[in-house]
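# Overview (structure and organization)
The residues making up each chain are set out below.
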Amino acid sequence: MAALIFSANPGLGANQAEDILKANADDLGAIGWDGLYGMGRINAARKVAAAIAAPVLDSQAQPFRF
């Protein structure tokens, strides 16, 4: 799933991809994480859509230009 997220938006950082993985699962059982279902069922379509919509954080310093 992580590879699919990065292929949809290669500029994402590892923390952003992790957040997308956690936030876009179909919650099953108790709300949020639980011992039986974890974060829930993978919803690939929702995760890829979230990856495409996610802003890319500028992690490299850019030279100052006049």
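Model, not experiment: these values are computed from the prediction.

Conventions adopted
In this numbering scheme, every chain counts its residues from 1 along its sequence in written order. Local features in this predicted model are restricted to residues whose pLDDT is 70 or higher, and side-chain atom pairs enter the listing and the counts only when it is 80 or higher, whereas totals over whole chains, interfaces and linings include all residues. The side-chain quantities take in all heavy atoms of the structure and omit both hydrogens and water. Per-residue accessibility, obtained with a 1.4 Å probe over protein chains only, is compared with the maximum for each type, and a residue is labelled buried under 20%, exposed over 50%, and partly exposed between these values. Secondary structure elements are taken from DSSP: a helix is a run of H or I of four residues or more, a strand is a run of E of two residues or more, and numbering for both begins at the N terminus. In this description, the arc belongs to the directions extending from the helix axis to the C-beta atoms. For helices, the fitted axis covers only the stretch in contact; all axes are lines through C-alpha atoms, and the angles between them, taken along N-to-C directions, range from 0 to 180 degrees. By definition, turning the near helix anticlockwise from the far helix through less than a right angle yields a left-handed crossing, and turning it clockwise yields a right-handed one. The contact criterion used throughout is that any non-hydrogen atoms of two residues lie within 4.5 Å. Classification used: nonpolar for Ala, Val, Leu, Ile, Met, Phe, Trp, Tyr, Cys and Pro, charged for Asp, Glu, Lys and Arg, polar for all others including Gly. We define the nonpolar core as a collection of buried residues of types Ala, Val, Leu, Ile, Met, Phe, Trp, Tyr and Cys that are connected through side-chain atoms lying within 4.5 Å of one another.

### Thoughts on helix 2 (residues 14–23)
The complete set of buried residues in helix 2 reads Gln 16, Ala 17 and Ile 20. Buried positions in helix 2, seen along its axis, are confined to an arc of 100° and lie on one side of it. When the buried face of helix 2 is taken as reference, the exposed residues oriented beyond 90 degrees from it are Ala 14 and Asn 15.

### Here's the deal with the packing of helix 2 against helix 3 (residues 44–53)
Direction vectors running N to C along helix 2 and helix 3 enclose 145°, while the axes themselves pass 9 Å from each other. Crossing geometry of helix 2 relative to helix 3 is assigned as right-handed. Here Ile 20, Leu 21 and Ala 23 of helix 2 come into contact with helix 3, specifically with Arg 46, Lys 47, Ala 50 and Ala 51. Classifying every residue of the contact of helix 2 with helix 3 by side-chain character gives 5 nonpolar, no polar and 2 charged.

### A look at the nonpolar core
Counting 6 residues, the largest nonpolar core is built from Ile 5, Leu 12, Ala 17, Ile 20, Ala 51 and Ala 54. In this view, Leu 12 contacts Ile 5, Phe 6, Ile 20, Ala 51, Ala 54 and Pro 55; residues no more than four positions away in its chain are not counted.

### A few points about helix 3
Within the span of helix 3, buried status applies to Lys 47, Val 48 and Ala 51. Down the axis of helix 3, the buried set is contained in an arc of 95°. They therefore lie on one face. Turned more than 90 degrees off the buried face of helix 3, the exposed positions are Ala 45, Ile 52 and Ala 53. The elements touched by buried residues of helix 3 are helix 1 (2–8) and helix 2.

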